[in-house]
Amino acid sequence: MYNYRLIIFLMLLFIPVSYPFAEGAPAKTGKQAITNSQFTKIDKTFTSRGDKLKAWLYLPAGVSKPPVVVMAHGFGGQRWMRLPAYAEHFARMGMAVFLFDYRGFNDSEGSPRNYINPSRHLEDWDAAIAYVKKLDTVDANRMALWGTSFSGGHVVVEAAKHPEVRAVVSQVPFTDGISTMWHYITTDPVFALKGTCHGLADIFSSLFTKNRHTVRIAGRPGEAFAMMCQPDTMSGLMKLVGTDEKKFEKDNYCPGNIVFTLGLYRPISYAEKVACPTLVIGAETDTLFPPAGPKKMADRMKKATYLSMPMNHFEPYVDEPFEKLVRVMGDFLKANLTMKAAGGR
């Protein structure tokens, strides 16, 4: 045991800790039952593996038993980070939206905090889908899944497991951990080596202590190690979250073993099993994931529609790309959820 502790001490001595050990962070929540002339937004709570997860349910005004879109964020994202803009648009079109946070994120229960883990996220997706099926205010027989970035891969895996899903939207998705890791190994080997060291530090820390070794989720080149640290990362994120950087930094950490679990996660391997219509959106100048990945995944699907735009990974959420894509998504969902026309914008 003393040898193990010596190893941990030496690793933590020579590996800079990128962020303090995981602690709780202030939550961003919504008000109970916000209503306007076009939709009602209701706070919801459901359970995944014994933890209470928080969500918002958007119900369109004047629509009985509307189809429903289940939605969650990507790599380290929380539901308040720009996703309400999509949810509100779909609600104005006559669709219900169930937007949730993963365990350990925002005001959802779960430990460790901000734990980015594909298997854990997929369990939460399963729990959300099961919960929505029990809601008497929506028509769960007309259910779609919507994901972006990391969750753009999750929705492909979930659709393969749930043939009852009627449609999928996958925006700038993470598709293949192997090709992503190889991309970083060949283009930025120093980054890959640092990531490996942080991942090992977290594994040792979780095995032999009560703490986790954490890394920053996002940062700039030259700063302390971050999982996402391309030149366009922080500027893009700040537009997305709509808050100042100091507030964002309070939750800008995750356990370091994501370095390894990321490389083993391959949503593209589920693509052939997805039977429902799927809209896959690629970013032609994506610097986080190999930009050819979304097209490769779409080509494996039975009923995929592929759309690419000259944008980076963070541009779909705001300004002109958002305005164009949210309309394309809405039309795609409306067509495949067999709903009557309703008042959208």
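What counts and how
- Residues numbered from 1 in each chain as written.
- Predicted model: local features only at pLDDT ≥ 70, side-chain atom pairs only at ≥ 80, totals over all residues.
- Heavy atoms only, no water.
- Salt bridge = Lys/Arg side-chain N within 4 Å of Asp/Glu carboxyl O.
- Helix = DSSP H or I, 4+ residues; strand = E, 2+ residues; numbered from the N terminus.
- Buried < 20%, exposed > 50% of the residue type's maximum accessible area, 1.4 Å probe, protein only.
- Expected span 1.5 Å × (residues − 1).
- Arc of directions from axis to C-beta.
- Contact = heavy atoms within 4.5 Å.
- Polar contact = N/O pair within 3.5 Å; in protein donor to acceptor, adjacent residues only side chain to side chain.
- Patch = residues over 30% accessible without salt bridge, like charges linked within 9 Å, V, L, I, M, F, W, Y side chains within 5 Å.
- Areas by Shrake-Rupley, 256 points an atom, 1.4 Å probe, with all protein chains shown as cover.
- Pairing = 2+ DSSP bridges.
- Axes fitted to C-alpha atoms, helices over the stretch in contact; angles between N-to-C directions.
- Phe/Tyr/Trp six-rings, centres within 6.5 Å; stacked < 30°, edge-to-face > 60°.

Draft legend 1. Here's a closer look at the pattern of salt bridges. Throughout the structure, instances matching the rule amount to 17 salt bridges. Among the ionic pairs, Glu-158 bridges to Lys-161, the shortest N-O distance being 2.9 Å. Of the two residues, Glu-158 and Lys-161 both sit in helix α4 (residues 150–161), 3 residues apart, roughly one turn of that helix. Glu-158 gets classed as buried once you look at its relative accessible area, which sits at 0%. Here Arg-216 makes a salt bridge to Glu-249, at a shortest N to O gap of 2.9 Å.

Draft legend 2. Spotlight on unusual backbone geometry. Backbone torsion omega between Ser-111 and Pro-112 reads 0°, so that peptide bond is classified as cis. Turning to its location among the elements, Pro-112 is positioned in the loop between β5 (96–100) and α3 (118–133). One non-glycine residue, Lys-65, lies in positive phi territory at about 50°. As for its placement among the helices and strands, Lys-65 is situated in the loop between β3 (51–60) and β4 (67–72). Notably, Arg-82 is not glycine yet its phi reads approximately 75°, a positive angle. Following the sequence through the fold, Arg-82 ends up in the loop between β4 and α2 (83–92).

Draft legend 3. Region of the structure containing helix α11 (residues 319–336). Here α11 contains 18 residues, and its C-alpha end-to-end distance of 26 Å stays within 8% of the 26 Å for a straight helix at 1.5 Å per residue. Inspection of α11 places Pro-321, Phe-322, Leu-325, Val-326, Met-329, Gly-330, Phe-332 and Leu-333 among the buried residues, and these make up the whole buried set. Summarising the axial view, the buried residues of α11 lie within an arc of 165°, below the 170-degree limit, and thus occupy one face. In α11, those exposed residues whose orientation departs by more than 90 degrees from the buried face are Glu-320 and Ala-335. Two residues or fewer past α11, Thr-338 is found with a positive phi of approximately 45°.

Draft legend 4. Up close: the environment of Asp-139. With respect to the helices and strands, Asp-139 occurs in strand β6 (residues 139–148). Sequence spacing of Asp-139 and Lys-65 is 74 residues, and the spatial spacing of their C-alpha atoms is 5.0 Å. Setting aside chain neighbours within four positions, we find Asp-139 in contact with Lys-65, Pro-66, Pro-67 and Val-68. A polar side-chain atom of Asp-139 sits 2.8 Å from a polar atom in the side chain of Arg-142.

Draft legend 5. Focus on a nonpolar patch on the surface. A contiguous nonpolar patch, built from Leu-200, Ile-203 and Leu-207 and spanning about 250 Å² of accessible area, is present on the exposed surface. Within the fold, Ile-203 resides in helix α6 (residues 189–208). For Ile-203, a relative accessible area of 33% puts it in the partly exposed group.

Draft legend 6. Fine view of the sheet that holds β4. An order of β1-β2-β3-β5-β4-β6-β7-β11-β12 is seen for the 9 strands of this open sheet, with the pairing classed as mixed. For this open sheet the edge positions go to β1 (34–35) and β12 (304–309), each flanked by a neighbour on one side alone. The pairing of strand β7 (residues 167–171) with strand β11 (residues 278–283) spans 4 bridges and is parallel. Counterpart to Val-168 in the pairing with β11 is Thr-278. Along the sheet, α2 makes contact with β2 (39–48), β3, β4, β5, β6 and β7, crossing β3 at roughly 40°. Across the sheet, α11 lies against β4, β6, β7, β11 and β12, angled at about 165° from β7, the strand it touches most.

Draft legend 7. Region of interest: the sheet that holds strand β8 (residues 214–218). Taken in spatial order, the 3 strands line up as β9-β8-β10 in an open sheet, and their pairing is mixed. Looking at the sheet topology across the chains shown, the edges are occupied by β9 (226–228) and β10 (254–255). Pairing of β8 with β9, which is carried by 2 bridges, proceeds in the parallel orientation. Looking at the pairing, Ala-218 lines up with Met-228 of β9.

Draft legend 8. Spatial organisation of the pairing of β5. Extensive coverage of β5 is indicated by the burial of 5 of its 5 residues. In this structure, β3 lies alongside β5, joined through 4 bridges in antiparallel fashion. Bridged to Trp-56 within β5 is Leu-99. As paired strands, β4 and β5 are joined by 4 bridges and run parallel to one another. Residue pairing in the sheet places Val-68 in a bridge with Ala-96 of β5.

Draft legend 9. The arrangement of the packing of aromatic side chains in detail. Overall, the coordinates contain 20 aromatic pairs when judged by the stated rule. Taking 5.1 Å as the distance between ring centres and 80° as the angle between the ring planes, the aromatic pair formed by Phe-174 and Phe-289 counts as edge-to-face. Remark: Phe-289 occurs in the loop between β11 and α10 (293–299) and Phe-174 occurs in the loop between β7 and α5 (177–187); sequence separation between them is 115 residues. Both residues of the pair, Phe-174 and Phe-289, count as buried. Every member of this aromatic cluster is reached through a ring pair, and the members are Phe-46, Phe-98, Phe-100, Tyr-102, Phe-105, Trp-125 and Tyr-131.

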